[in-house]
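Close look at the chain arrangement
Next come the chains, spelled out residue by residue.
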Amino acid sequence: MSQIFVDGSMLAKFASQTGEVQVCDGSGRVLGVFVPASEADRELRELYEDARTRITDEELERARQQPGGYTTAEVLEYLRTL
């Protein structure tokens with residue numbers, strides 16, 4: 001991931017935000033979206049919590065016991081051939 005370093009005044013603007021913010025140029029064209037790290041972490045935690053409520057421990061154990069599967073290296077090698 002690339003990094004862009006901001007000056008103090010821009011840092012203050014970003015630091016005061018609590019949610020997603022559109023980053024725009026002088027003409028109003030959207031350059032991207034800034035998501036504060038704490039907000040991104042919260043959203044990720046919520047996704048994991050949601051996943052935990054949908055899959056039981058028994059289902060996870062049953063999946064672990066299933067034969068077969070692929071290693072990460074095998075999956076990456078397959079994807080390189082596409």
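Okay, so let's go over this structure. Since the structure is predicted, the reported quantities are computational estimates derived from the model, not experimental observations.

**Here's the deal with the overall build of the protein chain**
The helix and strand inventory of the protein chain stands at four helices and two strands. From first element to last, N terminus to C terminus, the protein chain shows the α and β order α-β-β-α-α-α. What you see for the protein chain is a C-alpha radius of gyration of 21 Å, clearly larger than the 12 Å of a compact globule of 82 residues, by over 25%. Seen through its C-alpha atoms, the protein chain measures out along the principal axes to roughly 55 × 35 × 20 Å. In the protein chain, buried positions account for 5% of the 82 residues. When the accessible surface of the protein chain is totalled, it reaches about 7,700 Å², and 56% of it is carbon and sulfur. Computed over 9 positive and 15 negative side-chain charges, the inter-centroid distance for the protein chain is 2 Å.

**Re the packing of aromatic side chains**
A full pass over the atoms with the stated rule returns one aromatic pair. Geometrically, the ring pair formed by Phe-14 and Phe-34 is tilted, given 4.3 Å between the ring centres and 40° between the ring planes. In this pair, Phe-14 sits in helix α1 (residues 8-15) while Phe-34 sits in strand β2 (residues 30-34), placing the two residues 20 residues apart along the sequence. The buried category is assigned to Phe-14, whose relative accessible area is 19%.

**Brief notes about the pattern of salt bridges**
The tally for this structure, following the rule as stated, stands at six salt bridges. Arg-54 is the salt-bridge partner of Asp-50, the closest N and O atoms lying 2.9 Å from each other. Placement of the pair is Asp-50 and Arg-54 together in helix α2 (residues 37-54), with a separation of four residues, close to one helical turn. By relative accessible area, Arg-54 is classed as exposed at 62%. Across the pair Arg-80 and Glu-77 runs a salt bridge, and its minimum N-O distance is 3.4 Å. Placement of the pair is Arg-80 and Glu-77 together in helix α4 (residues 72-80), with a separation of three residues, close to one helical turn.

**A short note on the layout of surface pockets**
The space that makes up the largest pocket amounts to roughly 650 Å³. What lines the largest pocket is a set of 18 residues, and nearest its centre among them are Ile-4, Val-6, Phe-14, Val-23 and Phe-34. For the lining of the largest pocket, the secondary structure elements donating two or more residues are α1, β1 (21-24) and β2.

**Some details on a nonpolar patch on the surface**
A surface patch of nonpolar side chains, amounting to about 700 Å² of accessible area, comprises Tyr-70, Val-75, Leu-76, Tyr-78, Leu-79 and Leu-82. Mapped onto the secondary structure, Tyr-70 falls in the loop between α3 (57-65) and α4.

Each value, and the rule that gives it
- Residues numbered from 1 in each chain as written.
- Predicted model: local features only at pLDDT ≥ 70, side-chain atom pairs only at ≥ 80, totals over all residues.
- Heavy atoms only, no water.
- Helix = DSSP H or I, 4+ residues; strand = E, 2+ residues; numbered from the N terminus.
- Rg over C-alpha atoms; globule rule 2.2 N^0.38 Å.
- Buried < 20%, exposed > 50% of the residue type's maximum accessible area, 1.4 Å probe, protein only.
- Areas by Shrake-Rupley, 256 points an atom, 1.4 Å probe, with all protein chains shown as cover.
- Lys, Arg positive; Asp, Glu negative; His and termini not counted.
- Charge placed at Lys NZ, Arg CZ, Asp CG, Glu CD.
- Phe/Tyr/Trp six-rings, centres within 6.5 Å; stacked < 30°, edge-to-face > 60°.
- Salt bridge = Lys/Arg side-chain N within 4 Å of Asp/Glu carboxyl O.
- 1 Å grid on protein atoms, 1.4 Å probe; cavity = no way out; pocket = protein on both sides within 12 Å on 5 of 7 lines; lining within 4 Å.
- Points joined across faces, edges and corners; volume = space filled by probe spheres on them.
- Patch = residues over 30% accessible without salt bridge, like charges linked within 9 Å, V, L, I, M, F, W, Y side chains within 5 Å.

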